Amino acid sequence: MLVRREPLVLAIPEGDPLVDVADIRPSHLDGRIWITVVRQPDDTNRAQFLAACVEAGFMPDIAYETADPLTSLGLVSAGLGLATVQTSLQSAAPLGIVFRDLPWFQRSVAIHLAWRRNDRRPVIEDLRKAVGE
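Attention in this report is confined to the structure presented alongside it. Predicted, not measured: the structure shown is a model, and the values here were computed from it.

In this section: the pairing of strand β1 (residues 2-13). Across five bridges, the pairing between β1 and strand β6 (residues 108-112) is antiparallel. When the bridges of β6 are listed, leucine 2 appears paired with histidine 112. Sheet topology places β1 next to strand β4 (residues 83-86); four bridges connect them, and they run antiparallel. Directly across from leucine 8, in β4, lies its bridge partner glutamine 86.

Structure follows, in structure tokens:
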């Protein structure tokens, strides 16, 4: 069951000059060093990310690939590049990161809830009700 779609936000290292840009446009991101998440064993995320970047009007220089978005945020915090992460991860981010909305960037993260059909435990039923099934 689809619970929600979360937009992506741009994660910028605190000392980066981009922090002072009021309205970040695709031209500000073109050619910048990026950190992305790679899904294993078959990564489709990289191709989708690159296609969304091209559609938006910029080409990232992907220098680092991580296994999960929290690791990407750690690299951003260390000043190694930019990343996009889902909005809800802002609260779990390490210090040293500034987040900016990119309303023109057409990617989001879908949050799903899955359960076994024959699982009739009350806790599962409560969880399904809580998320709106």
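Next comes the rest of the description.
Along its twelve residues, helix α2 (residues 45-56) runs 16 Å from first to last C-alpha, staying within 8% of the 16 Å computed at 1.5 Å per residue. Within α2, the full set of buried residues consists of Asn45, Phe49, Ala52, Cys53 and Ala56. The arc that holds every buried residue of α2, seen down its axis, measures 100 degrees, which confines them to one face. Seen from the open side of α2, the exposed residues pointing more than 90 degrees away from its buried face are Ala47 and Glu55. In this structure, the buried residues of α2 make contact with α1 (26-29), β2 (33-37), β3 (61-66) and β4. Looking at the residues trailing α2, positive phi occurs at glycine 57, about 110 degrees.

The geometry of an aromatic ring pair is captured by the separation of the ring centres together with the interplanar angle, meaning the angle of the planes. In this structure the tally under the stated criterion is six aromatic pairs. Their ring planes at 25 degrees and their centres at 5.8 Å tell us that tryptophan 34 and phenylalanine 58 sit as a pair that is stacked. Here tryptophan 34 is found in strand β2, whereas its partner phenylalanine 58 is found in the loop between α2 and β3, with 24 residues between them in sequence. The class of tryptophan 34 is buried, set by a relative accessible area of 0%.

Turning to the side chain of threonine 36, a few remarks are in order. Checked against the element boundaries, threonine 36 lands in strand β2. Those residues in contact with threonine 36, other than ones at most four positions away along the chain, are Phe49, Ile62, Tyr64, Glu65, Thr66 and Ser72.

Quick notes on the rules
- Residues numbered from 1 in each chain as written.
- Predicted model: local features only at pLDDT ≥ 70, side-chain atom pairs only at ≥ 80, totals over all residues.
- Heavy atoms only, no water.
- Pairing = 2+ DSSP bridges.
- Helix = DSSP H or I, 4+ residues; strand = E, 2+ residues; numbered from the N terminus.
- Expected span 1.5 Å × (residues − 1).
- Buried < 20%, exposed > 50% of the residue type's maximum accessible area, 1.4 Å probe, protein only.
- Arc of directions from axis to C-beta.
- Contact = heavy atoms within 4.5 Å.
- Phe/Tyr/Trp six-rings, centres within 6.5 Å; stacked < 30°, edge-to-face > 60°.

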